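# Fold and contact review
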Protein chains: 2
Amino acid sequence: MKILIIEDQQELVKNMVRYLNTESYLCEVAPDCETARRKIESFEYDCILLDVTLPDGNGLTLLNELKKDNKTDGVIIISAKNSIYDRIEGLNLGADDYLVKPFHLSELNARISAVIRRRKFSGQKLMTLNELTIDLPGKVVFIYKKKLDLTRKEYDLLLFFVSNKNKVVSKNSIAEHLSGSDMDVFDNLDFIYTHIKNLKRKLTQAGGSDNIKSVYGMGYKFEV
Amino acid sequence: MKILIIEDQQELVKNMVRYLNTESYLCEVAPDCETARRKIESFEYDCILLDVTLPDGNGLTLLNELKKDNKTDGVIIISAKNSIYDRIEGLNLGADDYLVKPFHLSELNARISAVIRRRKFSGQKLMTLNELTIDLPGKVVFIYKKKLDLTRKEYDLLLFFVSNKNKVVSKNSIAEHLSGSDMDVFDNLDFIYTHIKNLKRKLTQAGGSDNIKSVYGMGYKFEV
DNA sequence: ATGTCGGCATGAAGATCCTCATTATAGAAG
DNA sequence: CTTCTATAATGAGGATCTTCATGCCGACAT
């Protein structure tokens, strides 16, 4: 899952990134509105953390721009001020949640996963597809009650498949989802093969069926 | 572990429950004395958080009732007033600890686990695990009758390990136990390494076996 | 002064990830 | 049907990143 952190306080950002990395999120940082705009244009994030006070403008202004493009989904406002005005304004502009500085990282984490759950999995905490069970808050996958030991990429990949089940996803979109950095072009998509192979192996070795079908020349489809 | 929260401020309760849930406590809420009485009668909680100001009476009155039934064990008083009277009164009535609003959730957590820890060991004064002997009231540790010279943190750490023996404890939970927990966020968990290293050294140098095993990426486990 | 504590630097150990070379397969073309 | 080419699967190994161990030192309190 990819998160954009729009925040200029370096120290805070450092802590957030470290913590969220341990929670298996891929983070990108935009220290100002300008960078944020550029990144949001070129990529779709699962969750956006938006600080209100930024060096080159107000975060709520940025949020307002996003609203026009219907891109406010998944935005969590972060503000140092405990101002009711900011809160209401932010939520009115379509933000999903609101966090007041200083906050606990565990609370941040809880809100992020809540937002993502709401967006992608209609609020469900547990997702079941035949023999497959995914515990979203716990980030654990089971097959027939048996816990799978997946790496971060494998988990991300599986989640990406599940949230696009029965649809063909291109290798490029998979690559974008899995890669941490925001490269536009991938000179080499081979690393996908490895992750798909490993995921398939772990799924089948645990007794599951192989739902990941390759669609020649198109990409892959998770059939269920 | 089950916790009863006797508190009428909904917003606060919501935050406490959410936080304590992430700490894998099970929470029940009583918004007034009446509900609290009923719940305490029908169930035994590992810890009770008791607000002093409640809509239908004073929390200390409730505590007094509990004292008559010897049920004050594990009670943490919560008060908005920083009143010495309340504090002394509460502790006199048998409360285990006292917390002044507003407080950090991490501090609340630390105190709850402290109370639970205290209660867990309350029956025994001496705890023996193979060559290891812990004199709980005296806070002294022996290996083969040989007294270990542990610092406070080292002792706390050992106790935490012992009370979670054969279970993996995360570094985060260790950090929360060891710290006075005024910190919002642990930007650095390295101090744990030092204490673990020193504890291990003291244990082995005294002739004990090294029971503290690291579980890569998970934390540590005290095997016995 | 002394002991305790926590941060930092370094290096080892471990896990993860990606590249690459090779083999297998699908679809197109002859 | 056979051949050819593009695409996909697989296995091995090294690069990279994370986590952990250890020693050292300054800060702080007793």
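Before reading further, recall that the structure is shown in the block above.
Let us look at the structure shown here. (Residues numbered from 1 in each chain as written. Chains lettered and ligands numbered in written order. Predicted model: local features only at pLDDT ≥ 70, side-chain atom pairs only at ≥ 80, totals over all residues. Heavy atoms only, no water.)

A few words on the protein's contact with DNA strand D. Inspection of the region around DNA strand D gives 17 residues, with Lys197(A), Tyr220(A), Lys197(B), Tyr216(B) and Tyr220(B) positioned closest. Considering DNA strand D, the proportion of its atoms within 4 Å of the protein that are sugar or phosphate atoms stands at 62%. In the model, a base nitrogen of DNA strand D is placed 2.7 Å from a nitrogen or oxygen of the Lys197(A) side chain. Tyr193(B) has a polar side-chain atom sitting 3.4 Å from a phosphate oxygen of DNA strand D. Mapped by element, the contributors of at least two residues to the surface near DNA strand D are helix H8 (190-205) and strand S13 (212-215) of chain A together with helix H8 (190-205) and strand S13 (212-215) of chain B. No other element matches the three residues that H8(A) contributes to the surface near DNA strand D. Of the residues in the surface near DNA strand D, the class split is eight nonpolar, four polar and five charged. (Near = heavy atom within 4 Å. Polar contact = N/O pair within 3.5 Å; in protein donor to acceptor, adjacent residues only side chain to side chain. Helix = DSSP H or I, 4+ residues; strand = E, 2+ residues; numbered from the N terminus. Nonpolar A, V, L, I, M, F, W, Y, C, P; charged D, E, K, R; others polar.)

Attention shifts here to the environment of Glu41(A). Relative to the helices and strands, Glu41(A) resides in helix H2 (residues 33-42). The spatial distance from the C-alpha of Glu41(A) to the C-alpha of Lys71(A) is 9.8 Å, given a sequence separation of 30 residues.

So, about the environment of Ile5(A). All names here are of chain A. Within the element layout of this structure, Ile 5 appears in strand S1 (residues 2-6). For Ile 5, a relative accessible area of 0% translates into the label buried. The spatial distance from the C-alpha of Ile 5 to the C-alpha of Asp 32 is 9.9 Å, given a sequence separation of 27 residues. Not counting residues within four places of it along the chain, the set of residues in contact with Ile 5 comprises Val 13, Met 16, Val 17, Leu 20, Cys 27, Glu 28, Val 29, Ala 30 and Leu 49. (Buried < 20%, exposed > 50% of the residue type's maximum accessible area, 1.4 Å probe, protein only. Contact = heavy atoms within 4.5 Å.)

Take H2(A) next. All names here are of chain A. When we look at burial in H2, the residues that qualify are Cys 33, Thr 35, Ala 36, Lys 39 and Ile 40. In a view along the axis of H2, the buried residues occupy a sector of 155 degrees, so they form one face of it. Residues Arg 38, Glu 41 and Ser 42 are exposed on H2 and point more than 90 degrees away from its buried face. Sitting at the head of H2, Asp 32 places a side-chain oxygen 3.3 Å from the backbone nitrogen of Glu 34. (Arc of directions from axis to C-beta.)

It is worth spelling out empty space enclosed by the protein at this point. Residue and element names in this part refer to chain A. This model, assessed by the stated rule, comprises four cavities of 30 Å³ or more. Roughly 100 Å³ of internal volume is contained in the largest cavity. Lining the largest cavity we find Met 1, Tyr 25, Ser 113, Ile 116, Arg 117, Phe 121, Leu 136, Pro 137, Lys 139, Tyr 155 and Leu 159. Sorting the residues of the lining of the largest cavity by element identifies helix H5 (105-121) and helix H6 (152-163) as the ones contributing at least two each. Here the lining of the largest cavity is built from residues that sort into eight nonpolar, one polar and two charged. Viewed by domain, the lining of the largest cavity spans two of them, domain 1 (2-121) and domain 2 (126-222), each represented by three or more residues. (1 Å grid on protein atoms, 1.4 Å probe; cavity = no way out; pocket = protein on both sides within 12 Å on 5 of 7 lines; lining within 4 Å. Points joined across faces, edges and corners; volume = space filled by probe spheres on them. Domains from an automatic or database assignment.)

This part takes up the packing of H2(A) against helix H3 (residues 59-68) of chain A. Residues and elements named next belong to chain A. Put simply, H2 and H3 touch, their axes get as near as 11 Å, and they point 20 degrees apart. If you check the angle between H2 and H3, you find them roughly parallel. When you trace H2 past H3, the crossing you get is right-handed. Residue-level inspection shows Cys 33, Ala 36, Arg 37 and Ile 40 of H2 in contact with H3, the latter providing Leu 62, Glu 65 and Leu 66. Classifying every residue of the contact of H2 with H3 gives five nonpolar, no polar and two charged. (Axes fitted to C-alpha atoms, helices over the stretch in contact; angles between N-to-C directions. Parallel < 35°, antiparallel > 145°, perpendicular 65-115°, else oblique. Left-handed = near helix turned anticlockwise from the far one by under 90°.)

For the structure shown, the criterion picks out four aromatic pairs over all chains. Just above the ring of Phe43(A) sits the side chain of Lys2(A); from NZ or CZ to the centre is 4.0 Å. (Phe/Tyr/Trp six-rings, centres within 6.5 Å; stacked < 30°, edge-to-face > 60°. Lys NZ or Arg CZ within 6 Å of the ring centre and 35° of its normal.)

With that settled, the discussion passes to the pairing of strand S6 (residues 75-79) of chain B. Residue and element names in this part refer to chain B. Counting buried residues along S6, five of its five residues qualify, which places the element largely inside the surrounding structure. Here S6 shows a buried face lined by Val 75, Ile 77 and Ser 79 and a second buried face lined by Ile 76 and Ile 78. Where strand S3 (residues 47-51) lies against S6, four bridges are found, and the strand directions are parallel. Among the inter-strand pairings, Leu 50 is bridged to a residue of S6, identified as Ile 77. Of the strand pairs in this sheet, S6 and strand S7 (residues 97-100) are connected by four bridges, and their pairing is parallel. (Pairing = 2+ DSSP bridges.)

This brings us to the protein's contact with DNA strand C. Lining the immediate environment of DNA strand C, one finds 18 residues, of which Thr151(A), Lys153(A), His195(A), Thr151(B) and His195(B) sit closest. Looking at DNA strand C alone, sugar and phosphate atoms form 76% of those within 4 Å of the protein. Between Thr194(A) and DNA strand C, the recorded distance is 3.3 Å, taken from a side-chain N or O atom to a base oxygen. Lys153(B) is positioned such that a nitrogen or oxygen atom in its backbone is 3.3 Å from a phosphate oxygen of DNA strand C. Breaking the surface near DNA strand C down by element, the ones donating at least two residues are H6 and H8 of chain A together with helix H6 (152-163) and H8 of chain B.

What follows concerns the pairing of strand S9 (residues 132-135) of chain B. Residues and elements named next belong to chain B. As judged from the four bridges shared by strand S8 (residues 126-129) and S9, these two strands associate in the antiparallel manner. Counted as the bridge partner of Leu 126 is Asp 135 from S9. The turn joining S8 and S9, which pair antiparallel and follow one another in sequence, is formed by two residues; a positive phi near 55 degrees is taken by Asn 130. As paired elements, S9 and strand S10 (residues 140-143) share four bridges and run antiparallel to each other. Considered in S10, the bridge of Asp 135 is made with Val 140.

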